Amino acid sequence: DDDLARLASLRPLAEKHTDAIVEDFYKLLLSHPETKKFFPDEATVRRVKRTQREYFLGLFAGKCDLAYVEDRLRVGTAHERIGLATKWYLGAYNFFLRAVAVRLLEASPNEPHQAISAFLSLMKLVFFDIGLWVDTYVYARESTMRKQQEAIRELSTPVLQIRERLLLLPIIGVIDTQRARLIT
């Protein structure tokens, strides 16, 4: 609660710097061919910048409720769906943390302890977000693997219906316990 209150108190500072941070962030992303491919046109860039602004300011809302978690899971799912590599996702958080750290120190030049406390609160929330993102990636990958394993099992023991009550099972290879259960 203290961390969330500290972050909420930084909302005016975040609002002051959001546009510059987001613009710099997308300059960076658009300068790399690997990430530029995710932004096929200017309309997409405008849309994701708007979404990024909302996301960034959400870090300073002072809330970490179910709606917050659902939003972060939605973001993670979207990034997993488009195939955003882990290095870019983590790099994005690194970029934001560094950009905010500089602005926190500039805003409190005579109170570095206050700036560090605020930064640690932000890191705590960001690492929570990263954990949610990792969960979405792991869940999606496990789901894909389960589907692939099921498809492989079905292919390894195909059942062809010849006619009513007559099936043909071409069996190649060893029949272990699991495969025998599948055949049965």
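Everything discussed here concerns the structure shown above.
Procedures and definitions
Residues numbered from 1 in each chain as written. Predicted model: local features only at pLDDT ≥ 70, side-chain atom pairs only at ≥ 80, totals over all residues. Heavy atoms only, no water. Helix = DSSP H or I, 4+ residues; strand = E, 2+ residues; numbered from the N terminus. Rg over C-alpha atoms; globule rule 2.2 N^0.38 Å. Buried < 20%, exposed > 50% of the residue type's maximum accessible area, 1.4 Å probe, protein only. Contact = heavy atoms within 4.5 Å. Areas by Shrake-Rupley, 256 points an atom, 1.4 Å probe, with all protein chains shown as cover. Phe/Tyr/Trp six-rings, centres within 6.5 Å; stacked < 30°, edge-to-face > 60°. Pairing = 2+ DSSP bridges. Salt bridge = Lys/Arg side-chain N within 4 Å of Asp/Glu carboxyl O. Axes fitted to C-alpha atoms, helices over the stretch in contact; angles between N-to-C directions. Parallel < 35°, antiparallel > 145°, perpendicular 65-115°, else oblique. Left-handed = near helix turned anticlockwise from the far one by under 90°. Nonpolar A, V, L, I, M, F, W, Y, C, P; charged D, E, K, R; others polar. Expected span 1.5 Å × (residues − 1).

S.K.: When you look at the overall build of the protein chain in this model, what are you seeing that I'm missing?
M.R.: If you tally the helices and strands in the protein chain, you get 8 helices and 2 strands. Taken over C-alpha atoms, the radius of gyration comes to 24 Å for the protein chain, far larger than the 16 Å a tight globule of 184 residues would show. By principal-axis analysis of the C-alpha atoms, the protein chain measures approximately 85 × 40 × 25 Å. Taking all 184 residues of the protein chain together, 34% fall into the buried category. Summarising the internal contacts of the protein chain: among those between residues at least 6 apart in sequence, 70% fall at separations of at least 24. Total accessible area on the protein chain stands at roughly 12,200 Å², and carbon and sulfur atoms take up 58% of it.

S.K.: Would you mind showing me how to read the packing of aromatic side chains here?
M.R.: Aromatic ring pairs are described here by two measures, namely the spacing of the ring centres and the angle between the planes. The tally for this structure, following the rule as stated, stands at 11 aromatic pairs. Centroid distance Phe 56 to Phe 96: 5.3 Å. Interplanar angle 25°. Geometry classified as stacked. Linking Phe 56 in helix α4 (residues 42–58) with Phe 96 in helix α6 (residues 86–107), this pair joins segments that are 40 residues apart in sequence. Pairing Tyr 89 with Trp 133 gives two aromatic rings, centres 4.1 Å apart and planes at 10°, and the pair type is stacked. Here Tyr 89 is found in helix α6, whereas its partner Trp 133 is found in helix α7 (residues 112–156), with 44 residues between them in sequence. Residue classification places Tyr 89 among the buried positions, given a relative accessible area of 5%. Relative accessible area serves as the criterion here: at 3%, Trp 133 is assigned to the buried category.

S.K.: Just checking my understanding: could you explain the pairing of strand β1 (residues 160–163) for this structure?
M.R.: The side chains of a regular strand alternate between both faces of the sheet. Two strands pair when backbone bridges link them, and β1 and strand β2 (residues 166–168) are joined in this way by 3 bridges, in the antiparallel orientation. In the sheet register, Leu 160 faces β2, and the bridge partner there is Leu 168. Hairpin connection between β1 and β2: a loop of 2 residues separates the two successive antiparallel strands, and Arg 165 in this loop has a positive phi of roughly 65°.

S.K.: It is not clear to me how the environment of Asp 135 should be interpreted in this structure. Could you clarify?
M.R.: The residue Asp 135 is located in helix α7 in this model. Asp 135 sits in the partly exposed class, given a relative accessible area of 48%. Distance in space between the C-alpha atoms of Asp 135 and Asp 176 is 34 Å, their sequence separation being 41 residues.

S.K.: How should I be thinking about the pattern of salt bridges in this particular structure?
M.R.: Side-chain pairs of opposite charge can arise where the charged atoms are in close proximity. Per the stated rule, a full pass over the model turns up 11 salt bridges. For Arg 11, the salt bridge is made with Glu 15, and the minimal N-O distance between the two is 3.0 Å. Highlighted residues: Arg 11 and Glu 15, both in helix α2 (residues 11–30), separated by 4 residues, approximately one helical turn. On the basis of relative accessible area, Glu 15 is assigned to the partly exposed category, the value being 44%. Where Asp 19 meets Arg 53, a salt bridge forms, and the shortest distance between an N and an O atom there is 2.6 Å.

S.K.: Sorry if this is basic, but what is going on with the packing of α2 against α4 here?
M.R.: Helix packing geometry: the angle between the two helix axes and the distance between the axes. One way to put it is that α2 packs onto α4 with a least axis distance of 9 Å and a crossing angle of 140°. Overall, the two elements α2 and α4 adopt an arrangement that is oblique. In the crossing of α2 with α4, the sense of the turn from one axis to the other is right-handed. Taken together, the residues of α4 that come into contact with α2 (itself represented by Arg 11, Ala 14, Glu 15, Thr 18, Asp 19, Ile 21, Val 22, Glu 23, Phe 25, Tyr 26 and Leu 30) are Val 45, Val 48, Lys 49, Gln 52, Arg 53, Phe 56, Leu 57 and Gly 58. Taken together, the residues of the contact of α2 with α4 break down into 10 nonpolar, 3 polar and 6 charged.

S.K.: It is not clear to me how α6 should be interpreted in this structure. Could you clarify?
M.R.: Side chains of residues three or four places apart in an α-helix project in the same direction, reflecting 3.6 residues per turn. For α6, with 22 residues, the first-to-last C-alpha span of 32 Å sits near the 32 Å given by 1.5 Å per residue. Along α6, the positions that sit buried rather than exposed are Trp 88, Tyr 89, Ala 92, Tyr 93, Phe 95, Phe 96, Leu 97, Ala 99, Val 100, Ala 101, Arg 103 and Leu 104.

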